[in-house]
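Residue strings, one per chain:
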Amino acid sequence: MNVKKQISDFFVERNVSLGDNFVQLHLYTHDKLPEIDPGQFVQIQIPSSIHGWLRIPISIHDAEAEKGKIKLLVQKVGDGSRWISSLHEGAKLNMVLPLGRGFSWPEISLRQEVEDPKNAAFRALLVGGGCGLAPLYYLAKCLEKEGLPFDILVGARDKERLVLANELAEIGPTGICTEDGSVGIKGLVTDHPLWKGVAYTHIYTCGPTPMMKAVAVKAKELKARCEVSLENTMACGLGACLCCVTPDAQGHNVCVCTEGPVFDADELGW
Amino acid sequence: MMNLRTNIGNLELKNPVLTASGTFGYGVEFSDFVNLDNLGGFIVKGTTGQPREGNPYPRMAETPLGMLNAVGLQNKGVDYFIEHIIPQIGQKRDRNADFPARLMVNVSGSTIEEYVEVAGKLATCEEVDAIEVNISCPNVKQGGMAFGTDPKMAAQVARAVRDVYPRCMIVKLSPNVTDIVAMALAVEEAGADSVSLINTLLGMAVDVNRRKPVLSTVTGGLSGPCVKPVALRMVWQVAKKVRIPVVGIGGICSATDALEFLMAGASAVEIGSANFVDPSVTQKVVDGLEAYCRKEGISDIKEIIGII
Ligand SMILES: Cc1cc2nc3c(=O)[nH]c(=O)nc-3n(C[C@H](O)[C@H](O)[C@H](O)COP(=O)(O)OP(=O)(O)OC[C@H]3O[C@@H](n4cnc5c(N)ncnc54)[C@H](O)[C@@H]3O)c2cc1C
Ligand SMILES: Cc1cc2nc3c(=O)[nH]c(=O)nc-3n(C[C@H](O)[C@H](O)[C@H](O)COP(=O)(O)O)c2cc1C
Ligand code: FES
């Protein structure tokens, strides 16, 4: 916690196209990087134009801090994200990082009980869609490293819009839902049979807001702890401008960029 | 030896670079990127008598080379500021600085009584070197019309605050008026030590996909590079007419931008939205001013203030 934030130049090592709408950027820096938590994000500077001027917040999709490497998953939605997606090997990207509070998991004392799958003190389900899967990928890698058990559930409208499912399947058991049934189970992520088979204790979700809300309701029914990651529009990303707020359970406005973007679903007023 | 020192009334600044209220938090948010005590001063968030939650989200819309905001003065109130936030700011200060940055507080209210309450409490705080009275707030007793759009109301606020606040009092002017010079003259007459301008310009953005305004409040305040020419024109007009020092604000992103304001008559400048794009911009502007003076053989920055 309270790691020093820095402004660093990164360079594109590889730009991997994932379908028509996403790219995965592999980046490195010569600067020393602090430890990065899954769920934290960066603020990327874009060239000033009449379309955009402010930095763009993007989740950290993977990190090897000791090697100065991170990955980002970028969806092409507007001019800024299209510019980032078009960068070639060697291109420079200026970023402020690491920002925000990421996902959390229990301390070691709880973890020792994970051997018994029926009565596990920790068993997680990671549920996401679209670029919301970016931070969940890094979370999955961290949980795997910690030896904590988890399953993954990926949702998409159809086969064309499905992203990152293969990459996730390499880290952990991954279920897929599409609304039109073109791949995986037909329906929404909350309809997937995974929910019935396993007693999850922790649910982590990032994706479209209606999906996260539905997942949070489901988690409550299961009495599982639920962490959601919000994507409110931001200006500073540093807790200074108060543009990014969301109401908490008491109705007070809190900054998504510093108190979040990851929140305990029960702490939120939505 | 180059001299970047400048004055706002009786208050001397080590250099003309300040931060604009609402864009630099309490300074502590930026302490990883700038040594706060390298700045002339920093002006912290708008502070009111009681805690305020501000406006509902969405509060921000990006616009061509600028942004609209409708934060609505979210803050924890003056008592909390004095008790909890001033000590936090103290921890991020550079104790070895031979000339520390000035801590200034932006004061807001819905009634004259509220301005007086906040200013009176801040007068008892030694750590606070100056206040900046934000008169762009709606006056709830006058149907929500901003104090800063009527010279008489503006002067009333300034005079009432003057009575309770003995140190440096800057009055921050709204650009949403027909004659900003009349506003400046009115608050000068009422006892202000300085005027700062401009606050944000009233604007609006529409989301055509949702067929709705982007901001929850429909309208909001425009800031950023797009407002700079308007701000510069107003600073020049005001500086020609008032005797008190003028602080220039609006779209400043570089030392060159700051120099434009100084030459147009500003004794100091505030950097606002540019902090969001480059959290270390304030330090770069200080360095840039120094480099300019060295290159041009200027020994005292005051030589160029108001040369236009
Ligand atoms: C903490 C955080 C993490 C994020 N992580 C990622 C990520 O890993 N990958 C990724 O691709 N994107 C991510 N985003 C979203 C990303 O920041 C926006 O897509 C981006 O700012 C769009 O910029 P643009 O210039 O391309 O589009 P713009 O021209 O700014 O916008 C294009 C369209 O997208 C909408 N839009 C823009 N920003 C948002 C937003 N935050 N939420 C909803 N709609 C929006 C606009 O209303 C507009 O209709 C994240 C956002 C946040 C706050
Ligand atoms: C997010 C945001 C919050 C602001 N809050 C305040 C405030 O509380 N009080 C105030 O007097 N001005 C406030 N302002 C106005 C700025 O201090 C400044 O006058 C304006 O943004 C113009 O400068 P700029 O173009 O450099 O940003 C705010 C501006 C922004 C962008
Ligand atoms: S984006 Fe500025 S406070 Fe969160």
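Being a predicted model, the structure only gives us computed values, none of them experimental.

## Observations regarding the sheet that holds strand S5 (residues 60–63) of chain B
Residue and element names in this part refer to chain B. Reading across the sheet, the four strands line up as S5-S6-S14-S11 and stay open at both edges, with antiparallel pairing between neighbours. Strands with a single pairing partner mark the edges of an open sheet, and in this sheet they are S5 and strand S11 (201–204). The mean inter-strand angle of the sheet, taken between neighbouring strand axes irrespective of direction, is 40°.

## Some points on the site of ligand 2
For ligand 2, the set of nearby residues contains 22 residues, the closest of which are Ser-21, Lys-172, Gly-224, Gly-251 and Ser-273 of chain B. Near ligand 2, the surrounding residues belong to chains A and B. Between ligand 2 and Gly-46 of chain B, the relevant distance is 3.4 Å, taken from an oxygen atom to a main-chain nitrogen or oxygen of the residue. One nitrogen or oxygen atom from the main chain of Gly-272 of chain B is found 3.1 Å from an oxygen atom belonging to ligand 2.

## Section: helix H8 (residues 281–296) of chain B
An α-helix turns once per 3.6 residues; consequently, residues spaced three or four apart project the same way. All names here are of chain B. Over its 16 residues, H8 runs 22 Å from end to end, which matches the ideal 22 Å to within 8%, given 1.5 Å per residue. Listing the buried residues of H8 in full gives Val-281, Thr-282, Gln-283, Val-285, Val-286, Leu-289 and Cys-293. Looking at the packing, one finds that the buried side of H8 touches strand S3 (17–19), helix H6 (255–263), strand S16 (266–271) and helix H7 (274–277).

## Quick notes on the domain arrangement of chain A
How big an interface is tends to be expressed through the accessible area that disappears when the partners come together. Residue and element names in this part refer to chain A. Taken domain by domain, chain A consists of domain 1 (6–99) and domain 2 (108–229). Computed over C-alpha atoms, the centres of domain 1 and domain 2 are 25 Å apart. Of the roughly 1200 Å² buried at the junction of domain 1 and domain 2 (both faces included), carbon and sulfur atoms supply 67%. When residues of domain 1 are sorted by the area they lose upon contact with domain 2, Pro-38, His-61 and Leu-73 head the list and together hold 39% of the total. At the surface where domain 1 touches domain 2, the tally comes to one salt bridge. Between Asp-62 and Lys-141 there is a salt bridge, and its shortest N-O distance comes to 2.9 Å. On the surface where domain 1 and domain 2 come into contact, there are four residue pairs in polar contact (both at pLDDT 80 or more). Mapped by element, the contributors of at least two residues to the side of domain 1 that touches domain 2 are strand S2 (22–28), strand S5 (62–64) and strand S6 (69–75).

## Let's talk about the environment of Gly-197 of chain A
With respect to the element layout, Gly-197 of chain A can be found in helix H5 (residues 194–197). Judged by its relative accessible area of 66%, Gly-197 of chain A is exposed.

## Brief notes about the interface of chain B and chain A
Listed by partner, the interface residues are 32 residues for chain B and 30 residues for chain A. When the two sides are added together, the surface that chain B and chain A hide from each other amounts to roughly 2700 Å², 62% of it contributed by carbon and sulfur. The largest share of the area that chain B buries against chain A comes from Tyr-57, Phe-276 and Val-277 of chain B, three residues that together contribute 25% of it. Joining chain B to chain A, the criterion identifies zero salt bridges.

## A word on helix H4 (residues 180–189) of chain B
Residue and element names in this part refer to chain B. Of all 10 residues making up H4, seven are buried, and the element is well covered by its neighbours. Listed in full, the buried residues belonging to H4 are Ile-180, Val-181, Met-183, Ala-184, Ala-186, Val-187 and Glu-188. Here the buried face of H4 lies against helix H3 (151–164), strand S9 (168–172), strand S10 (194–197) and helix H5 (228–241). Structurally, the start of H4 carries an N-cap: the backbone nitrogen of Val-181 is 3.2 Å from a side-chain oxygen of Asp-179. One or two steps after H4, the chain reaches Gly-191, where phi turns positive at roughly 110°.

## Here's the deal with the pairing of S6 of chain A
Residue and element names in this part refer to chain A. Taken across its seven residues, S6 has five buried, putting it largely inside the fold. Pairing between S5 and S6: three bridges, direction antiparallel. The residue bridging Asp-62 from the neighbouring strand is Lys-71, located in S6.

## Observations concerning the layout of surface pockets
If a probe the size of a water molecule is rolled over the atoms, the empty space left behind becomes visible. Approximately 1400 Å³ is the volume found for the second largest pocket. Looking at the second largest pocket, it is lined by 40 residues, and the ones nearest its centre are Leu-238, Gly-239, Thr-258 and Glu-259 of chain A together with Glu-29 of chain B. For the lining of the second largest pocket, the elements supplying multiple residues, two or more each, are strand S7 (92–99) and strand S15 (253–255) of chain A together with helix H1 (78–91) of chain B. Considering each element in turn, the lining of the second largest pocket owes the most residues, four residues, to H1 of chain B.

## Points about the site of ligand 1
Residue and element names in this part refer to chain A. With respect to spatial proximity, 20 residues lie near ligand 1, and among them Pro-57, Leu-73, Gln-75, Gly-80 and Ser-81 are the closest. Contact between ligand 1 and Gln-75: an oxygen atom at 2.7 Å from a main-chain N or O atom of the residue. Here the element with the most residues in the shell around ligand 1 is strand S4 (residues 56–59); it accounts for four residues. Looking at the shell around ligand 1, its residues break down into 11 nonpolar, seven polar and two charged.

## Describing the pattern of salt bridges
For the structure on display, the rule yields 23 salt bridges over all chains. Between Lys-92 of chain A and Asp-9 of chain A there is a salt bridge, and its shortest N-O distance comes to 3.8 Å. Of this pair, Lys-92 of chain A sits in strand S7 while Asp-9 of chain A sits in strand S1 (residues 6–18), and the two are 83 residues apart along the sequence. Here Glu-296 of chain B ties to Lys-295 of chain B by a salt bridge, and the two come within 3.4 Å at their closest N and O atoms. With a relative accessible area of 43%, Glu-296 of chain B lands in the partly exposed category. Look at the salt bridges and you will find they share partners, linking Asp-62, Lys-71 and Lys-141 of chain A into a network.

## Digging into the nonpolar core
If you look at the biggest cluster of nonpolar residues, it comprises 129 residues, and the most contacted ones within it are Ile-203 of chain A together with Leu-122, Ile-131, Leu-173 and Leu-197 of chain B. Lining this core are residues from two domains, each supplying at least three of them: domain 1 (6–99) and domain 2 (108–229) of chain A. Every residue in contact with Leu-173 of chain B, bar those within four places of it in the chain, is listed here: Ile-135, Ser-136, Ile-180, Met-183, Ala-184, Val-187, Val-195, Ser-196, Leu-197, Ile-198 and Asn-199 of chain B. If you look at the next biggest cluster of nonpolar residues, it comprises 26 residues, including Val-42, Ile-46, Met-95 and Tyr-138 of chain A.

## Quick notes on unusual backbone geometry
Residue Pro-98 of chain A is bonded to the preceding Leu-97 of chain A through a cis peptide linkage, with omega at -15°. Cis geometry is found at the peptide bond from Gly-260 of chain A to Pro-261 of chain A, where omega equals 10°. Topologically, Pro-261 of chain A is positioned in the loop between S15 and strand S16 (262–264). With a phi angle near 50°, Leu-65 of chain B is a residue other than glycine that sits in the positive phi range.

Thresholds applied
- Residues numbered from 1 in each chain as written.
- Chains lettered and ligands numbered in written order.
- Predicted model: local features only at pLDDT ≥ 70, side-chain atom pairs only at ≥ 80, totals over all residues.
- Heavy atoms only, no water.
- Pairing = 2+ DSSP bridges.
- Helix = DSSP H or I, 4+ residues; strand = E, 2+ residues; numbered from the N terminus.
- Axes fitted to C-alpha atoms, helices over the stretch in contact; angles between N-to-C directions.
- Near = heavy atom within 4 Å.
- Polar contact = N/O pair within 3.5 Å; in protein donor to acceptor, adjacent residues only side chain to side chain.
- Expected span 1.5 Å × (residues − 1).
- Buried < 20%, exposed > 50% of the residue type's maximum accessible area, 1.4 Å probe, protein only.
- Contact = heavy atoms within 4.5 Å.
- Domains from an automatic or database assignment.
- Buried area = accessible area lost by both parts, 1.4 Å probe.
- Salt bridge = Lys/Arg side-chain N within 4 Å of Asp/Glu carboxyl O.
- 1 Å grid on protein atoms, 1.4 Å probe; cavity = no way out; pocket = protein on both sides within 12 Å on 5 of 7 lines; lining within 4 Å.
- Points joined across faces, edges and corners; volume = space filled by probe spheres on them.
- Nonpolar A, V, L, I, M, F, W, Y, C, P; charged D, E, K, R; others polar.
- Core = buried A, V, L, I, M, F, W, Y, C linked by side-chain atoms within 4.5 Å.

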